Amino acid sequence: MTKKITIAIDGFSSTGKSTVAKQLARELGYVYVDTGAMYRAVTLYALRKKFISEANFDTAALINDLPVIKLKFIFNPEVGYGEMYLNNERVEKEIRQMEVSQYVSKVAAVPEVREMLVAQQQEMGREKGIVMDGRDIGTVVFPDAELKIFMTASAEERAQRRYKELCERGEEVTYKEVLENVQERDLLDTTRKDSPLVKAEDAKEIDNSHLTLAGQFEKILELYNDTIDN
């Protein structure tokens, strides 16, 4: 029987971390956890409660409400992965909207939010056999993960992908708005005080600016097989 390991996939926004993590989990029969969805769900909660806007971010009110924010993934066999539920409401579609993307990096920078979610993520991965993607999986959540991958691509390429995705969903956005959002999130993610986005020393970097989805998956599956064999 092949031993089960922990696979941590980190990287910049819109590098396709979730897409490849889902593929990998399906291929290996592993549990998949999209940590970005957890931060997005907390952001959606903050937006609904009017805790955050362009002019204001009431971090104290959000921190005060953390105990009543209940997050869970419920497996949907139609899509083949666990979808995000916020206080028993499926919010998979709502958390992907541009408004949430605008504020998620600010919410994720709140130490108390990170502390709560990291604890939940570590509990989910206790039994191994898990693929988790995010910003600090290989550095903070699972520093001892057997396989760490760091994904990157040019900001322009990532913005183009995100713009196409949002347009296909019917959202009215411009490429310029999406590019600015990608660049702002990069800055916030890499400069925040608590758990900034950095590549773990032992992570394998993959620049997928010019890789197809199939080519990217093959490369990562190869890294997995090398890890299992060693």
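Basis of the calculations
Residues numbered from 1 in each chain as written. Predicted model: local features only at pLDDT ≥ 70, side-chain atom pairs only at ≥ 80, totals over all residues. Heavy atoms only, no water. 1 Å grid on protein atoms, 1.4 Å probe; cavity = no way out; pocket = protein on both sides within 12 Å on 5 of 7 lines; lining within 4 Å. Points joined across faces, edges and corners; volume = space filled by probe spheres on them. Helix = DSSP H or I, 4+ residues; strand = E, 2+ residues; numbered from the N terminus. Buried < 20%, exposed > 50% of the residue type's maximum accessible area, 1.4 Å probe, protein only. Nonpolar A, V, L, I, M, F, W, Y, C, P; charged D, E, K, R; others polar. Pairing = 2+ DSSP bridges. Contact = heavy atoms within 4.5 Å. Axes fitted to C-alpha atoms, helices over the stretch in contact; angles between N-to-C directions.

A few words on empty space enclosed by the protein. Applying the stated criterion across every chain, the model contains one cavity of 30 Å³ or more. One number sums up the size of the largest cavity: a volume of about 40 Å³. K22, Y32, D34, A37, F73, Y81, G82, E92 and R96 together form the lining of the largest cavity.

Let us look at unusual backbone geometry. Positive phi, normally seen in glycine, also occurs at N87, with a value near 45 degrees. Inspection of the secondary structure assignment puts N87 in the loop between β4 (81–86) and β5 (89–90). On the accessibility criterion, N87 (33% relative accessible area) is partly exposed.

Here the largest pocket is characterised by a volume of approximately 1000 Å³. In this structure, the largest pocket is lined by 40 residues; those nearest its centre are S14, G16, S18, T19 and E165. Here the residues of the lining of the largest pocket are counted per class, giving six nonpolar, 13 polar and 21 charged.

Our next topic: the sheet that holds β4. Overall, antiparallel pairing links the three strands, which are arranged β3-β4-β5 in an open sheet. What marks the edges here is a single partner per strand, and that holds for β3 (71–76) and β5. As paired elements, β3 and β4 share six bridges and run antiparallel to each other. Across the sheet, the residue bridging to N76 is Y81, located in β4. Against the sheet, helix α2 (residues 35–48) touches β3, β4 and β5, its axis set at about 25 degrees to β4.

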